[in-house]
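Analysis of the macromolecular model
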Amino acid sequence: MTEARRPKDMETHIGNHKLDPSTLMMGYGFDPGLSEGSLKPPIFLTSTFVFETAAEGKRFFEGITNKHGSGGKAEGLVYSRFNGPNQEILEDRLKIWEDAEASLTFSSGMTAIAILLLSFVRPGDVVIHSGPLYAATETIINKIFPQFGIHYIDFPAGASREELDEVMAAAKAKATNGGRVAMIYLESPGNPTNALVDVEAVAAARAVAFGDQAELPPIAIDNTFLGPLWAKPLNDGADISVYSLTKYAGGHSDLVAGALVGKRALLDKVRLMRNVMGGICDPNTAWMLLRSLETLELRMTRAGESAEKICEYLRDHPKVEKVGYLGFLEPGSRQEDIYKRHCTGAGSTFSLYLKGGEREAFAFLDGLKIANLAVSLGGTETLASAPAAMTHLSVPDARKAALGITDNLVRISIGVEKAEDLIADFENALRGV
Ligand SMILES: *Cc1c(COP(=O)(O)O)cnc(C)c1O
């Protein structure tokens, strides 16, 4: 809570009626009366904030430096590397979607992930992670951390409870020099496999494997692909939800930002690290994200409905080998069981496997007129790319094969254009294959 806001503006209920996140995105956490009646929050372009008294400055710094166990949160505004009104309003609104205790915003998804991990790992520790991960996340855990004596062990997304029990036991044995398992880091669904992680099973396996410890290793999960609308992993046993806000939350392909949403005690550790290292979202980007969150449900709902129609069309096309879409999971399969427990929608990002190879995939991509040939996802405009030749080009061939990243794979993120127009676009592009 800072000077730009007042408690009356933090209300989430009318009487006993709990307001929906989509409603709260319009005003929660901002009081126009404190900013000349401006309906929208001003962008606070300042590097520092004026204290009323020296004693107040001292009190605020006691918060920043965790003098009385504040977890790095100051009572007031101090300096823009620590906090700011736009960022705090954004953090308050992001919490709403997952009923979370706390939230932190960052200058990118990768900044959020790097500072999260750095807040928990020490030399000798082990990070358990699901695979595949976003390539840059995998670089941090599998390439950069080992240089500092931090180990990792991974398991395939979709692993069963028995496999999870085994990987957790193996992780404990892998720690060196008094290290421990520092974190369980998940990403679901995996890209581009769409394999879902059973977060409930991970939490149950963790309780058994680490039940003798004073503190359980936190479970963090990258929820960029389905969150915050279609998956709320904090309800399934995760402690921290990780976001690239660049994707669905930002939703207009015009900004880069990241966030962590989850348990306050854990995020306080991250906040202290962010206070030191920087990496907080800038005020302008935070303002843009407030704009984006107002339409988050509208955009994601529309994109999700269109994706369903488009996938149904593509599945039956003679030039299509298969469509990897969460709406088409095999009835009775493990993945379908996880989907039913963890997801409320199949999303709008899917994998299209054409009959043929790179030649056919490229011909399709080059023939698109509405969909843009670009990496990224979750924007208002439909994007299509070839992972084997682009985002996953540097992945070794054997690993590519294991992940199903074949040359005939086209990754598509559906936007908010009219579904029938996109179908016409895909139909036309397929004709040219
Ligand atoms: C894009 C992305 C990231 C990285 O986010 P940036 O905002 O680009 O730093 C991390 N995880 C997933 C799943 C992503 O799609």
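The structure displayed is predicted, hence computed values, not measured ones. (Residues numbered from 1 in each chain as written. Predicted model: local features only at pLDDT ≥ 70, side-chain atom pairs only at ≥ 80, totals over all residues. Heavy atoms only, no water.)

Remarks on the overall build of the chain
In plain terms, the rule: Secondary structure counts use DSSP, requiring at least four H or I residues in a row for a helix and at least two E residues in a row for a strand, with both numbered from the N terminus. Both definitions apply: the radius of gyration is a C-alpha atom measure, and the globule rule equals 2.2 Å times residues to the power 0.38. Only protein chains enter the accessibility calculation, which uses a 1.4 Å probe. A residue is then buried if its area is under 20% of the maximum for its type, exposed if over 50%, and partly exposed in between. Contacts between residues were defined by any pair of non-hydrogen atoms, one from each residue, lying within 4.5 Å. Reported accessibility uses the Shrake-Rupley method at a 1.4 Å probe radius. Residues are deemed covered only where the shown protein chains occlude them.
Secondary structure summary: the chain contains 14 helices and 14 strands in total. What you see for the chain is a C-alpha radius of gyration of 22 Å, in line with the 22 Å of a compact globule of 433 residues. A buried classification covers 57% of the 433 residues belonging to the chain. Look at the contacts in the chain between residues 6 or more apart in sequence, and 72% of them connect residues 24 or more apart. Here the chain has roughly 18200 Å² of accessible surface; of this, 55% comes from carbon and sulfur atoms.

A few points about helix α4 (residues 109–120)
What counts here: Given a helix with a known number of residues, its expected span is that number minus one, times 1.5 Å. Any pair of nitrogen or oxygen atoms within 3.5 Å is treated as a polar contact; in protein, a donor-acceptor pairing is required on top of that, and neighbouring residues in sequence qualify only through side-chain atoms on both sides.
With 12 residues, α4 extends 17 Å from end C-alpha to end C-alpha; this agrees with the ideal 16 Å at 1.5 Å per step. Of all 12 residues in α4, nine are buried, a share of seventy percent or more. All buried positions along α4 are accounted for by Gly109, Thr111, Ala112, Ile113, Ile115, Leu116, Leu117, Ser119 and Phe120. A side-chain oxygen of the first residue of α4 lies 3.3 Å from the backbone nitrogen of methionine 110; this N-cap is serine 108.

Looking at the site of the ligand
Under the convention used in this document: Here, proximity means that at least one heavy atom of the residue falls within 4 Å of the molecule or strand. Here the term charged refers only to Asp, Glu, Lys and Arg, the term nonpolar to Ala, Val, Leu, Ile, Met, Phe, Trp, Tyr, Cys and Pro, and the term polar to all other amino acids, Gly among them.
Neighbouring the ligand are 15 residues; Met110, Asp222, Ser244, Thr246 and Lys247 lie closest to it. The contact in question runs from an oxygen atom of the ligand to an N or O atom on the side chain of threonine 246, over 2.6 Å. Contact with the protein chains removes 92% of the 380 Å² of surface that the ligand exposes when unbound. If one sorts the elements of the shell around the ligand by residue count, α4 sits on top with three residues. For the shell around the ligand, the residue count by class is seven nonpolar, five polar and three charged.

Things to note about a nonpolar patch on the surface
As a reminder of what qualifies: Like-charged residues within 9 Å of one another, or nonpolar side chains (Val, Leu, Ile, Met, Phe, Trp, Tyr) within 5 Å, are grouped into patches, provided each residue has over 30% relative accessible area and no salt bridge. Criterion for a salt bridge: a side-chain nitrogen of Lys or Arg within 4 Å of a carboxyl oxygen of Asp or Glu.
There is a patch of nonpolar side chains on the surface, built from Phe362, Leu373, Val375 and Met390 and spanning about 310 Å² of accessible area. Note on valine 375: relative accessible area 43%, which makes it partly exposed.

A look at unusual backbone geometry
The residue after serine 188, namely proline 189, is reached through a cis peptide bond having omega -5°. That bond from glycine 227 to proline 228 is cis: its omega, -5°, falls within 30 degrees of zero. Within the fold, proline 228 resides in the loop between β7 (219–222) and β8 (240–244). Notably, aspartate 99 is not glycine yet its phi reads approximately 50°, a positive angle.

Structural notes on the packing of α4 against helix α8 (residues 264–277)
Each pair of packed helices gets described by two things: the angle between the helix axes and the distance between those axes. In plain terms, the rule: Under this scheme, a helix contributes an axis fitted over its contacting stretch, all axes are lines through C-alpha atoms, and angles between N-to-C directions fall in the 0 to 180 degree range. Each angle is binned into one of four classes, with values under 35 degrees roughly parallel, values over 145 roughly antiparallel, values of 65 to 115 roughly perpendicular, and all other values oblique. Crossing handedness is defined as follows: a turn of the near helix away from the far one that is anticlockwise and smaller than a right angle gives a left-handed crossing, while the clockwise case is right-handed.
One way to put it is that α4 packs onto α8 with a least axis distance of 9 Å and a crossing angle of 110°. Of the possible angle classes, the one that applies to α4 and α8 is roughly perpendicular. Along this stretch, α4 crosses α8, giving a crossing that reads as right-handed. On the side of α4, the interface is formed by Ile115, Leu116, Leu118, Ser119 and Phe120, while α8 contributes Leu266, Lys269, Val270, Met273, Arg274 and Met277.

Examining helix α2 (residues 54–64)
Along α2, the residues classified as buried are Glu56, Gly57, Phe60, Glu62, Gly63 and Ile64. Taken together, the buried residues of α2 touch α8. Phi turns positive, to about 65°, at asparagine 66, one or two residues after α2.

A word on the nonpolar core
Rule in force here: Think of a nonpolar core as a cluster: buried Ala, Val, Leu, Ile, Met, Phe, Trp, Tyr and Cys residues, connected wherever their side-chain atoms sit within 4.5 Å. Bear in mind that the domain bounds are from an automatic or database domain assignment.
Among the nonpolar cores identified, the biggest contains 92 residues, and Ile128, Phe350, Leu352, Phe364 and Phe426 are the most heavily contacted of them. Here this core gathers at least three residues from each of two domains, domain 1 (85–293) and domain 2 (296–431). Setting aside its immediate chain neighbours within four residues, isoleucine 128 contacts Ile153, Phe155, Val167, Met168, Ala171, Val181, Met183, Ile184, Tyr185 and Phe210. Counting residues in each nonpolar core, the second largest holds 26 residues, with Ala102, Val121, Leu133 and Val270 among its members.

So, the pattern of salt bridges
Under the defined criterion, the tally for this structure stands at 20 salt bridges. As a salt-bridge pair, arginine 206 and aspartate 239 come within 2.8 Å of each other at their nearest N and O atoms. With a gap of 33 residues between them, arginine 206 in helix α7 (residues 199–210) and aspartate 239 in the loop between β7 and β8 connect regions that are remote in the sequence. Given a relative accessible area of 8%, arginine 206 falls into the buried group.

Some words on the domain arrangement of the chain
Using the following cut-off: The term buried area denotes the loss of accessible surface (1.4 Å probe radius) that occurs when two parts are joined, taken as the sum for both partners.
Entries for the chain in the domain assignment read domain 1 (85–293) and domain 2 (296–431). Computed over C-alpha atoms only, the centres of domain 1 and domain 2 are separated by 25 Å. Looking only at domain 1, the three residues that lose the most surface to domain 2 are Pro192, Trp230 and Tyr248, adding up to 25% of its buried area. Where glutamate 138 meets arginine 399, a salt bridge forms, and the shortest distance between an N and an O atom there is 3.3 Å. Counting across the domain 1 and domain 2 interface gives 24 residue pairs in polar contact (both at pLDDT 80 or more). Of all elements in the fold, only α7 and α9 (283–294) reach the threshold of two or more residues within the side of domain 1 that touches domain 2. Split into classes, the residues belonging to the side of domain 1 that touches domain 2 amount to 18 nonpolar, 12 polar and six charged.

Overview of the sheet that holds strand β6 (residues 181–187)
Note the threshold: The pairing criterion is simple: DSSP has to find at least two bridges between the two strands.
Strand order in this open sheet of seven strands is β3-β9-β8-β7-β6-β4-β5, and the pairing throughout is mixed. Looking at which strands have only one partner, the edges of the open sheet turn out to be β3 (102–106) and β5 (151–156). On average, each strand axis in the sheet is inclined to that of its neighbour by 20°, with strand direction left out of account. Packing of helix α6 (residues 161–174) onto the sheet brings it into contact with β4 (126–131), β5 and β6, and relative to β5 it is tilted by some 170°.

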